[in-house]
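# Report on the structure
Residue strings, one per chain:
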Amino acid sequence: MRVYNFSAGPSMLPLEVLEEAQKSFLDYNGSGMSVAEMSHRSKWYDAIHMECLSLIRELMNVPDNYKILLVQGGASQQFDAIPLNLLTKTGRADYVVTGNFAKKAYKAALQFGDIHLAGSSEDKTYTYIPKELDLRDDTDYLYITQNNTIFGTRYTSLPVPKSGVLVSDVSSNILSEVMDVSKYGVMYAGAQKNVAPAGVTIVIVREDLIGDGMKGCPTMLKWKTQADADSLYNTPPCFAIYMAMLNMRHLKKMGGVSEIQKINEYKAGLLYDFIDNSKLYKNYVVREDRSMMNVPFVTGDKDLDAQFVKEAEQNGLVSIKGHKLVGGMRASIYNAMPVEGVKKLIEFMKKFELEHSAN
Ligand SMILES: *Cc1c(COP(=O)(O)O)cnc(C)c1O
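Residues numbered from 1 in each chain as written. Predicted model: local features only at pLDDT ≥ 70, side-chain atom pairs only at ≥ 80, totals over all residues. Heavy atoms only, no water.

## With respect to the environment of V3
How we decide: In DSSP terms, a helix is any run of H or I states spanning at least four residues, a strand is any run of E spanning at least two, and both are numbered starting from the N terminus. The contact rule is simple, with two residues in contact once any of their heavy atoms fall within 4.5 Å.
By the element assignment, V3 lies in the segment before β1 (4-5). Sequence spacing of V3 and G341 is 338 residues, and the spatial spacing of their C-alpha atoms is 8.9 Å. Ignoring anything within four residues of it in the chain, the contact list for V3 reads M12, G316 and V318.

Pasting the structure below:
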């Protein structure tokens, strides 16, 4: 039996996508091989790879002057790659720290240049997005984390850096809402939240930002290396890219990003409305900064939270425990989480509240 999986990542994939992969697992398109076995230089894989790149371009409406890279090392490797590629003119960058991943990116960048904290929401345990930023004049870029997976916040409007180069970590909200790529210098995402199994990271970079990077920038961290080779400089994570391609085909069939955005807004609306109207559950994020993808909530009683997680699991609602930094619960409701899954969760929350608030 399949469960509703609320994991923050790796996370659910659409059933149709898994079934399609299963159908062709032993013999892909008459090749007599699995995609998991074939050469990354084969004609079959080449078609998958190119279709994956073109689907990203089409679904995200990526302008011609941007390159799309498929790389390894996770989103975390870009924490190093970003300063190494971009700190080339002034050696300076501004960072906004809105959570754990933002902080890791900030710390990584500190190794490579003059890095300034332009804003932080650490004072209130990352429950909001700082709106007033202390931006410097001469920098190479401004860095943000657009959706904060652990704390459940997101940007609803983007800051405009004086450098003209906004770098954004969109790991947990890529393809979930319409984004205007032309507003960014670089956006990137580990695939395992909203796109594919773990193993591939999508990096979308404006062409003028692709160069040799800082002196000593390792070949494999240099965006130019993969940009010049259509991301086939070395062996790519073929199977993850194949799954990403199938998932994007599926998304396109559903009507694309604007359609899934409507569904995501509906799902998040249902859950937040229920939480806001309940006496037992609380979400501490400032309302206008709430994430559509990750919904943390607590009962205010640690033992009751633990019991919730346990009973939810017995009811087929799994991986709903909050991150250890936050505690409580977190429902990650990415693209692949059906409306039905959110409704089931709310039904369970109602029942649990009735059973546990009588006394
Ligand atoms: C999951 C996540 C990361 C880390 O991704 P890895 O692929 O595990 O390195 C970074 N940033 C955000 C916003 C994430 O959600």
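On we go from here.
## Section: the pairing of strand β9 (residues 186-190)
Just so we agree on the cut-off: Here the term buried applies to any residue with accessible area under 20% of the maximum for its type, exposed to any over 50%, and partly exposed to those in between, with areas from a 1.4 Å probe on protein chains only. By the convention used here, strands pair only if DSSP detects at least 2 bridges between them.
When you tally the buried positions in β9, you get five out of five residues, the bulk of the element. Neither face of β9 is open: one carries V186, Y188 and G190, the other M187 and A189, and all of them are buried. Bridge count for strand β8 (residues 166-169) against β9 is three bridges, and the pairing is parallel. Across the sheet, residue S168 finds its bridge partner in β9, namely M187. Strand direction decides the pairing type here: β9 and strand β10 (residues 201-206), joined by five bridges, are antiparallel. If you follow G190 over to β10, its bridge partner there is T201.

## Section: the sheet that holds strand β5 (residues 141-145)
Remark on secondary structure: sheet strands pair via backbone hydrogen bonds, oriented parallel or antiparallel. Spelled out, the test is: Fitting a line to C-alpha atoms yields each axis, with helices limited to the stretch in contact; the angle taken between N-to-C directions then spans 0 to 180 degrees.
Strands sit in the order β2-β10-β9-β8-β5-β3-β4 across an open sheet of seven strands; the sheet is mixed. Every interior strand has two partners, whereas the edge strands, β2 (66-71) and β4 (114-120), have only one. The sheet shows a mean angle of 15° between the axes of neighbouring strands, taken without regard to direction. Where helix α3 (residues 74-86) meets the sheet, its contacts fall on β2, β3 (92-97), β5, β8, β9 and β10, and the angle it forms with β9 comes to roughly 160°. Across the face of the sheet, helix α4 (residues 100-110) comes into contact with β3, β4, β5 and β8 while running at roughly 160° to β3.

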